[in-house]
Amino acid sequence: MSSATVEAPPKAPAPAPEGDQLEAAGRGGWFVRITIVVIVILWTIPTLGVLITSFRPEDAVNTSGWWEVFAHPFGATEWTLENYRIALDQGGFGNAFLNSLAVTIPSTVIPITIAAFAAYAFSWMEFRGRYVLFVIVVGLLVVPLQMALIPILRLYTQGATLFGREIFPDLSLQGTFLGIWLAHAGFGLPLAVYLLRNYIGSLPSSIIESAKIDGADHFTIFWRLVVPLSVPAIAAFAIFQFLWVWNDLLVAYVFLGGAGQNIVVTVALRELVGSRGENWHLLTSAAFISMALPLLVFFALQKYFVRGLTAGAVKG
Amino acid sequence: MLVLLLRVLVAVAVPVATFSILWWTFEFLRDENANRFIVVGVAIAVGVGGVFVLYWGMNRAVDLFPARVRESVRPYVFVGPCLVILAVFLVYPVINTVLISLKDANSQSFVGLDNFKFVFTDSDMLRAIRNTAGWIILVPLAAVTIGLIYATLADRLRRGEAVAKSLIFLPMAISFAGASITWQLIYSYRPQGFGSNIGLLNGIMIGLGQEPVKWLELQPWNNLFLMVIMVWIQTGFAMVVLSAAIKSIPDEIIEAARIDGASEFQVFRRIMVPSILPTIVVVTTYMVINSLKVFDIVFVQPASAETNGTVVVAERMIRWFFQLNHNGRAAAIAVVLFAAVIPVMVWNIRRFREEEAIR
């Protein structure tokens, strides 16, 4: 929240001296280990269930619980890739996966670019209303996006008029990628501006000043100096926003609709639950397809993600 | 003179050209029959490259201004797009939603506070408000408690702390929609003669010689079962943030307490918890706001939320907007949600101003 800044990662604890280690062992006794193992098992079971079910043939899924697979894990009839083939082709999940990419990547890059320029201006440029405008951004951090859905949808489908004069043209953005990029950019901006301004504002002013003296203009300072220095903060927000947009159902459902060419994986999942609610072999493989990329991003960039969350904010 | 004219021409032509190219690609993206790979590729290229080019073009355009005004205009080029988007996508909608909430189903005429009267009298709405109250109390409570205990314990592991933490954290990367399907494998129920029960809980019930239970139709407990899904997702977040806070407590303080003979539980209660209290407050607030807006978990359930009594406020809003086509009521529900977060908004701004005063 407001005190949060993107911090350096906590230093790895130095190897403890002999005495400490013995003591640590005493404190980390059986109670600690057993509690942790129990919680880990509880937390892992659901994901394990999806993973196992998604690789089992339809018959097996319908006649035995997924946990029974442990009784004969190497049975030849126990495993199949067929579910994934069907989910990708007939379930439209291949298509939905591509759409999710087309929604998520720009929806991550656009707010970051816009926010970085704004954060630079809020930190290092003089203009009227600088403080008040930033306070407004802080206030917008927690606005529930439910507040924005109806007006934006109407803006997209019929434009807006004020006192009978058109102030926003009808661009029929409903159902288009541009429409959802802008919506996600809008909802993600307050947090992005807030985090990046905290970071960019705390860069040493001597660097900026000396670049100015060397004759660099604002655009050059921003692009050549500030952006490279802000990579940790940018990465943290990027991962946060990526996972958020990829996993979002509400905005995608509202702006891209519940069916059609452009639906994303979360919406496709919901459709599948509605239309083939009992076909667990398909539901689970579809669910796993939707999880694959975020899990990959999460494991690859965990360090940054955790840092971004620790810097986290209350987002609307 | 001619050179200057040429420069002006080029500088005007570049933004115009980029803008028309962008516009043309958007038209292309509307084409339903185009090859998906190309559409997606173009979408990503335009979405990613387009924004930067627009800024670059605008910056070049500002260079043409007379030197006197140039530098007072430039900040607005940097901050302008951000302000425009915030105004269009957040500020305008907030005002507009309040207006719509005072109008009828099709936003034709004003109906006063009728929609709000509906929000606080309709039986499903009242149940949704009660349920949401349960969500915002129980989910943060459970997630923060488990997260705090886990963070404290994992901190004492000599090996495997990172692995232990990422396993708890992993559900954070899964969507609510995916999580709902995941948890069906725990809660699923099938009546006699419709295949064997594939939900783990009913598997256990049968193993214990009991009748299988329709967990998700078991009112009012089914709400609790859905909350478990949210707790499962959010605990990792609480744990990671709290763990970072615990690690920042100076070792000397804790060691000193131990030397003075404090038990481990006393160290936890009297030193750790008070030291990280500000972080606990922030994490809890975040979770309360998230639970207030919970929607996906309930919305993805195959059975109707009304008959199961699992309705929540944010889900009601989408239902009234899309399926029951009543703009006024949907907007009124959104306004109620907004009113609930206003205290947090004020608190945020106040804290920010205090910090700025110190800076």
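Fair warning: this is a prediction, and the values are worked out from it, not measured in the lab. (Residues numbered from 1 in each chain as written. Chains lettered and ligands numbered in written order. Predicted model: local features only at pLDDT ≥ 70, side-chain atom pairs only at ≥ 80, totals over all residues.)

## Regarding the overall build of chain B
Here is the rule: We count a stretch as a helix when DSSP gives it H or I for four or more residues in a row; a strand needs E for two or more, and each element gets its number in order from the N terminus. Radius of gyration: over C-alpha atoms. The globule rule applied is 2.2 Å multiplied by the number of residues raised to the 0.38 power. In this scheme every C-beta is placed from the backbone, and a residue whose C-beta has 20 or more other C-beta atoms within 10 Å is buried, one with 12 or fewer is exposed, and one in between is partly exposed.
Within chain B, the regular secondary structure consists of 16 helices and zero strands. In terms of overall dimensions, chain B is more spread out than a globule: its C-alpha atoms have a radius of gyration of 27 Å, far above the 21 Å expected for 359 residues. Seen along its three principal axes, the alpha-carbon backbone of chain B occupies a region of about 90 × 60 × 50 Å. Counting over 359 residues, chain B shows a buried share of 41%.

## Quick notes on the packing of helix H13 (residues 265-275) of chain A against helix H7 (residues 176-187) of chain B
Threshold: Helix axes are fitted only over the stretch in contact, all axes being lines through C-alpha atoms; the angle between N-to-C directions runs from 0 to 180 degrees. Note: crossing handedness is left-handed where the near helix turns anticlockwise from the far helix by less than a right angle, and right-handed where it turns clockwise. Contacts here follow a simple rule: the backbone-placed C-beta atoms of the two residues must lie within 7 Å. Residues are sorted three ways: Asp, Glu, Lys and Arg are charged, Ala, Val, Leu, Ile, Met, Phe, Trp, Tyr, Cys and Pro are nonpolar, and all the rest, Gly among them, are polar.
Running from amino to carboxyl end, H13 of chain A crosses H7 of chain B at an angle of 35°, the nearest separation of the two axes being 9 Å. Pair H13 of chain A / H7 of chain B crosses with left-handed handedness. Between H13 of chain A and H7 of chain B, the contacting residues are Thr266, Leu269, Arg270 and Val273 of chain A on the first element and Ala177, Gly178 and Ile181 of chain B on the second. Of the residues contributing to the contact of H13 of chain A with H7 of chain B, the split by class is four nonpolar, two polar and one charged.

## Re the nonpolar core
Convention followed: Note on terminology: a nonpolar core is a set of buried residues of type Ala, Val, Leu, Ile, Met, Phe, Trp, Tyr or Cys, with members joined through C-beta atoms within 7 Å. Residue ranges labeled as domains rest on an automatic or database domain assignment.
Core analysis: the largest hydrophobic core is formed by 198 residues, its most contacted members being Ala115, Ala118 and Leu196 of chain A. Element by element, the count of residues in this core is highest for helix H5 (residues 93-124) of chain A, at 18 residues. A domain-level breakdown of this core finds at least three residues from each of domain 1 (2-113) and domain 2 (117-358) of chain B. Here Ala115 of chain A is in contact with Leu189, Ala192, Val193 and Leu196 of chain A together with Cys82 of chain B, once residues within four sequence places are set aside.

## As for the domain arrangement of chain B
All names here are of chain B. You can read the domains of chain B as domain 1 (2-113) and domain 2 (117-358). Averaged C-alpha coordinates put domain 1 and domain 2 at centres separated by 37 Å. Facing the 12 residues of domain 1 at the interface are 10 residues of domain 2. The class makeup of the residues in the side of domain 1 that touches domain 2 is six nonpolar, four polar and two charged.

## Notes on the environment of Leu9 of chain B
All names here are of chain B. Turning to its location among the elements, Leu9 is positioned in helix H1 (residues 2-29). Given 10 C-beta atoms within 10 Å, Leu9 falls into the exposed group. Separated by 318 residues in the primary sequence, Leu9 and Asn327 place their C-alpha atoms 48 Å from one another.

## So, the confidence of the model for chain A
All names here are of chain A. The following threshold applies: Per-residue confidence from the predictor is reported as pLDDT, which spans 0 to 100.
Taken over all residues, the pLDDT of chain A has a mean of 77, while the share at 70 or more is 80%. Averaged pLDDT values over the elements of chain A bottom out at 45 in helix H1 (residues 18-27) and peak at 88 in H5. The low-confidence segment residues 1-26 (pLDDT under 50) makes 37 contacts with residues lying over four places distant or belonging to another chain. Per-residue pLDDT stays below 50 along residues 312-316; that stretch engages in 24 contacts with residues further than four places along the chain or on separate chains.

## A word on the confidence of the model for chain B
For chain B, per-residue confidence averages 82 on the pLDDT scale, and 93% of positions sit at 70 or higher. The complex model carries a pTM of 0.81, and its ipTM stands at 0.79.

## Points about the packing of helix H6 (residues 130-140) of chain A against helix H8 (residues 177-201) of chain A
Residue and element names in this part refer to chain A. Spelled out, the test is: Note on terminology: angles under 35 degrees are roughly parallel, angles over 145 are roughly antiparallel, angles of 65 to 115 are roughly perpendicular, and the others are oblique.
The contact between H6 and H8 brings their axes to 8 Å, and the two run at 125°. Classified by the angle their axes make, H6 and H8 are oblique. In this structure, H6 meets H8 at a crossing whose hand is left-handed. Mapping the contact onto sequence places Phe134, Val137, Val138 and Leu140 in H6 and Pro190, Val193, Tyr194 and Arg197 in H8. For the contact of H6 with H8, the per-class residue count stands at seven nonpolar, no polar and one charged.

## Focus on the interface of chain B and chain A
With 95 residues of chain B in contact, the opposing surface of chain A contributes 101 residues. Take the side of chain B that touches chain A: its biggest share by element is 19 residues, from helix H3 (residues 67-100) of chain B.

## Focus: the environment of Val240 of chain B
All names here are of chain B. Mapped onto the secondary structure, Val240 falls in helix H9 (residues 221-247). Here Val240 falls in the buried class, since 25 other C-beta atoms lie within 10 Å of it. Remark: the alpha-carbon pair of Val240 and Tyr150, spanning 90 residues in sequence, is separated by 9.6 Å.

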